[in-house]
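For reference, the chains in residue letters:
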Amino acid sequence: MSSNVNFLIGVAMGLNLLALGSSRLPSVIRAVAVQGMVLGLMPLLMEESFHWMVAFVAVVTMAMKGYFIPHLLSRAMRSANIDREVEPFIGFVPSLLLGAAGTIAAVAGARALPLLPEHAGTLLVPGALASVLTGFVLLIGRAKAISQVCGYLILENGIYLFGLLLIRSTPLLVESGILLDLTVGIFVIGIIVDRIQRAFDSLDTRKLTVLRE
Amino acid sequence: MKALLLIAIPFAGAALAALWRGDRTRPWLMPVVGLVHTVLTFWMLFDPPAVAPGAWLAFDPLARAVLPAVSLLFLACAAYGVSYLRVRGERPNRVFVALLLALLGLLSAGHQARHLGLLWIATEALTLAAVPLLHFNGTARAFEATWKYLLVGGTGIALSLLGSFCLGYASLHGGGGGDLTFAALTAQGAGLSRPWVLIAWVLLLAGYGTKMGLAPMHTWKPDTYGEAPGIVSAMLAGGVTTVAFTAILRVRAVVAAAGDGAIADHTLVAIGLFSMIVAALFLLGTRDFKRMLAYSSVEHMGVLALGAALGRAGVWAALFHVWGNSLAKGALFLSAGNIRRAAGGRTLDEVRGMATLTPRSAALFVTGMFVVTACPPFGPFFSELRIVRAAFETHHGAAGAVFLGCLLFAFFGLTRVVFAIVDGRPRPGLHATARRYPETLGVILPPLALLAAVLGIGLALPEVLREAWTAAVAQLYPGP
């Protein structure tokens with residue numbers, strides 16, 4: 001079971017780097033979508049016995065993270081008529097290097113943390129830390145609202161990975177509440193992106209500079 | 001049962017508002033629900049219900065110590081809202097009224113949440129419910145502010161989720177059974193895994209600190225408070241920040257039970273003083289009177305964080321300060337809204353002579369300014385005095401000195417802006433704008449009532465409040 005889980009986390013970490021290094025928005029959105037699908041699968045693999053509630057949460061996660069939200073972002077992207085991130089605050093090569101360094105640091109740093117024996121062999125903690133770091137680099141380093149939303153999604157994916165450490169102990173009620181909140185959050189962000197597009201006729205956050213001291 | 005009603009009644013009101021036809025009558029739902037909510041919270045303040053130790057949601061001593069203040073603030077905002085929405089009759093208010101009522105329900109849930117996950121869900125939902133309220137004015141500036149609020153607030157809320165997971169893992173690693181209520185976590189105490197507790201504390205302080213608006217995570221605050229309608233800013237500054245503050249108090253109690261209370265207190269002192277310094281500096285520089293209120297809010301969050309670090313006496317004073325802050329911020333934002341509408345501007349370059357154009361609102365605004373700068377005999381003077389005393393008694397002399405210095409500079413900054421807009425001769429042509437927005441009782445009485453309340457707790461602090469705050473401190477500091 002552990003090797004399958006580790007393989008999927010490895011894929012997710014690779015997708016982090018893909019999202020960092022790509023200038024084309026469709027490929028960033030696609031990377032986020034695939035990452036969401038991969039992570040949605042994880043709870044099914046981690047539980048030894050089949051539980052209908054776990055299966056339900058997994059299916060909802062995959063549908064939301066893998067299809068619904070990316071679809072929303074693609075639509076916003078098409079209506080704003082942009083498909084490329086130009087002049088990011090942090091360049092593509094530097095952000096890729098940052099991401100790679102962050103991934104290595106995450107793997108090394110996770111060793112220093114005390115983990116339960118059943119989690120010590122998995123990549124859950126390094127994968128979570130690497131995704132959180134990637135999310136931050138995208139949030140800070142990109143200028144287009146859609147790239148920033150993708151960064152936020154990757155950040156959330158990292159936190160979701162970390163949450164899997166607790167899947168056996170926290171009641172599913174809490175987990176599903178959290179999932180619902182995250183979904184609504186992204187939905188609201190999607191709507192605001194759409195409104196900004198209409199109000200400013202652009203999704204370049206560099207234009208959002210009226211409010212300052 | 002009553003604890004659930006505090007959440008259910010506002011939500012029922014929100015659902016009713018969503019279905020209600022007629023934009024003119026719908027806003028009346030707000031004061032009706034607000035009144036029921038206030039009566040219920042004050043009833044429970046005087047007659048506290050018994051709390052089951054394992055309950056996920058209860059009107060526990062900490063909720064009892066602060067929720068009535070938030071309820072009172074909502075009632076004033078709701079009463080003001082009826083007149084406000086009549087003035088803004090050109091905009092549909094279905095979403096606004098429904099979400100403002102939902103906000104009250106979520107505020108009740110957040111204050112009463114005794115479970116780590118539930119608290120997070122309530123805070124996240126609060127963040128999201130506020131979004132459509134922020135861009136009610138529909139201007140480009142409002143959308144810009146909303147975007148910054150979402151991005152910074154969303155990141156903060158994500159960090160607090162990560163922190164909650166870390167605290168959960170600290171319990172699991174220490175052999176806990178997965179019960180994430182604060183009571184169970186505190187009971188596990190030294191059994192929690194120390195490294196994970198410290199990581200969780202840093203992340204939760206950053207996350208809930210963002211919602212509170214502690215520097216350096218305060219950047220969303222000036223933009224948001226500057227652009228949102230006055231009622232919404234008042235509810236954010238007096239209600240949502242209070243939920244985040246009680247969340248930090250609850251988490252601090254767990255960290256202290258795990259044996260790291262001293263580290264938690266050091267970080268709280270540092271972040272509290274840093275917030276006060278940042279706020280004081282920006283208050284000296286800002287030229288926009290609504291943004292000024294946001295920096296004043298950052299300053300008061302710093303006061304609360306400092307109070308929370310100073311032991312029992314400090315926390316007691318901080319709870320006192322929550323009341324003063326919530327009520328005074330309400331009065332300030334509501335009167336600032338009146339001035340803003342009549343003046344048609346918000347910076348010192350555009351606005352002056354408001355004492356002649358809107359004499360009543362200007363008087364309220366100036367009085368409110370004296371309240372938040374802690375002038376006697378209003379509530380904040382006494383709560384801040386107690387915090388200073390707690391600082392010197394717990395050998396935080398340097399912190400106490402910095403605290404007093406920041407208060408002085410904040411006073412300079414606030415008086416500079418307030419008197420500049422109140423004094424002088426109004427810009428030509430403003431009389432016509434001001435006549436369009438007359439100072440009716442509906443927009444004057446609510447802030448006046450809030451100021452009267454904050455004067456009341458300053459002059460004669462009711463015994464029931466003293467007792468409620470003492471009980472909350474006993475909940476946060478179990479043992480001798």
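What you see is a predicted model, and the numbers here were worked out from it, not measured in a lab.

Below, the discussion takes up the overall build of chain A. Within chain A one finds 8 helices and 0 strands. Counting only residues that meet the buried cut, chain A has 45% of its 213 residues in that class. Partitioning the intrachain contacts of chain A with sequence separation of at least 6 by distance along the chain shows that 76% fall at a separation of at least 24.

On to the overall build of chain B, then. Within chain B, the secondary structure is distributed over 19 helices and 0 strands. Relative to a compact globule of 480 residues, whose C-alpha radius of gyration would be 23 Å, chain B shows 21 Å and is just as compact. Principal-axis analysis of the C-alpha atoms places the extent of chain B at approximately 70 × 55 × 40 Å. Scored against the burial criterion, the 480 residues of chain B give a buried share of 64%. A separation of at least 24 residues holds for 82% of the contacts in chain B among residues at least 6 apart in sequence.

This part takes up the interface of chain B and chain A. Taken together, the contacts link 34 residues of chain B with 33 residues of chain A. Taken together, the elements giving at least two residues each to the side of chain B that touches chain A come down to α5 (116-134), α6 (140-173), α9 (220-227) and α10 (230-285) of chain B. In terms of residue count, the dominant contributor to the side of chain B that touches chain A is α6(B) (19 residues). Tallied by class, residues from the side of chain B that touches chain A come to 19 nonpolar, 11 polar and 4 charged.

Bringing the environment of A:Gly151 into the picture now. Residue and element names in this part refer to chain A. Its location among the elements puts Gly151 in helix α7 (residues 145-163). Judged by C-beta crowding, with 25 C-beta atoms within 10 Å, Gly151 ranks as buried. In this structure the C-alpha to C-alpha distance between Gly151 and Ala19, which are 132 residues apart in sequence, comes to 8.7 Å. If we ignore the near neighbours within four places in the chain, the residues touching Gly151 are Gly135, Leu138, Leu139 and Arg142.

Looking now at the confidence of the model for chain A. Averaged over all residues, the pLDDT of chain A equals 82, while 85% of them reach at least 70. When mean pLDDT is compared element by element in chain A, helix α6 (residues 124-141) of chain A scores highest at 92, while helix α8 (residues 172-200) of chain A scores lowest at 67.

All names here are of chain B. Residues Ala215 and Pro216 are joined by a peptide bond in cis, for which omega reads 5°. Along the polypeptide, Pro216 turns up in the loop between α8 (194-212) and α9. Looking along the chain, the bond that leaves Pro376 and enters Pro377 is cis, with omega of 5°. Tracing the sequence through the fold places Pro377 in the loop between α14 (359-372) and α15 (379-393). Even without glycine at this site, Ala374 takes up a positive phi of about 65°. Residue classification places Ala374 among the buried positions, given that 23 C-beta atoms sit within 10 Å.

What follows deals with the packing of helix α1 (residues 2-19) of chain B against helix α2 (residues 29-46) of chain B. Residue and element names in this part refer to chain B. Where α1 contacts α2, the two axes come as close as 10 Å, and the packing angle between them is 180°. Viewed along their axes, α1 and α2 adopt a mutual orientation that is roughly antiparallel. Contact residues: Lys2, Leu5, Leu6, Ile9, Pro10, Gly13, Leu16 and Ala17 in α1; Leu29, Val33, Val36, His37, Leu40, Thr41 and Met44 in α2. Class assignment for the residues of the contact of α1 with α2 results in 11 nonpolar, 3 polar and 1 charged.

Here we take up the nonpolar core. All names here are of chain B. Counting residues in each nonpolar core, the largest one holds 253 residues, and the members touching the most others are Leu101 and Leu103. For this core, the element with the highest residue contribution is α10, accounting for 29 residues. Non-local contacts of Leu101, meaning those with residues more than four positions away in its chain, are made with Pro10, Gly13, Ala14, Ala17, Leu29, Met30 and Val33.

Take the packing of α10(B) against helix α16 (residues 397-422) of chain B next. Packed helices, taken two at a time, are described by their axes: the angle between them and the distance between them. Residue and element names in this part refer to chain B. Remark: α10 packs on α16, axes separated minimally by 8 Å, with the N-to-C direction vectors making an angle of 25°. Taken together, α10 and α16 sit at an angle that is classed as roughly parallel. Of the two possible hands of crossing, α10 and α16 adopt the one that is left-handed. Contacts between α10 and α16 involve Val269, Leu273, Met276, Ile277, Ala279, Ala280, Leu283 and Leu284 on the former and, on the latter, Ala399, Val402, Phe403, Cys406, Phe409, Ala410, Phe412, Gly413 and Leu414. Along the lines of polarity and charge, the residues of the contact of α10 with α16 split into 16 nonpolar, 1 polar and no charged.

This part covers helix α4 (residues 92-112) of chain A. All names here are of chain A. In this model α4 runs 30 Å from its N-terminal to its C-terminal C-alpha over 21 residues, within 8% of the 30 Å that 1.5 Å per residue would give. Of all the positions in α4, only Ser95, Gly99, Gly102, Thr103, Ala106 and Ala110 are classed as buried. Considered in projection along α4, the buried side chains sweep an arc of 105° and stay on one side of the axis. Away from the buried face of α4 by more than 90 degrees, exposed residues Val93, Ala101, Ile104, Ala108, Arg111 and Ala112 are located. Of the surrounding secondary structure, the elements contacted by the buried residues of α4 are α1 (2-21) and α6.

Here we come to the confidence of the model for chain B. Across chain B, the average pLDDT comes to 93, with 100% of residues at 70 or higher. Scored as a complex, the prediction yields pTM 0.94 and ipTM 0.90.

Residue and element names in this part refer to chain A. Relative to the helices and strands, Glu47 resides in the loop between α2 (25-46) and α3 (52-80). Using a count of 15 C-beta atoms within 10 Å as the deciding quantity, one classes Glu47 as partly exposed. It is 22 Å that separates the C-alpha atoms of Glu47 and Leu129, two residues lying 82 residues apart in sequence.

Here the focus is the environment of B:Asp223. Inspection of the secondary structure assignment puts B:Asp223 in helix α9. Spatially, the C-alpha atoms of B:Asp223 and B:His135 are 12 Å apart, while their sequence positions differ by 88 residues.

Scoring rules and cut-offs
Residues numbered from 1 in each chain as written. Chains lettered and ligands numbered in written order. Predicted model: local features only at pLDDT ≥ 70, side-chain atom pairs only at ≥ 80, totals over all residues. Helix = DSSP H or I, 4+ residues; strand = E, 2+ residues; numbered from the N terminus. Buried ≥ 20, exposed ≤ 12 C-beta atoms within 10 Å, placed from the backbone. Contact = placed C-beta atoms within 7 Å. Rg over C-alpha atoms; globule rule 2.2 N^0.38 Å. Nonpolar A, V, L, I, M, F, W, Y, C, P; charged D, E, K, R; others polar. pLDDT = per-residue confidence, 0-100. Axes fitted to C-alpha atoms, helices over the stretch in contact; angles between N-to-C directions. Parallel < 35°, antiparallel > 145°, perpendicular 65-115°, else oblique. Core = buried A, V, L, I, M, F, W, Y, C linked by C-beta atoms within 7 Å. Left-handed = near helix turned anticlockwise from the far one by under 90°. Expected span 1.5 Å × (residues − 1). Arc of directions from axis to C-beta.

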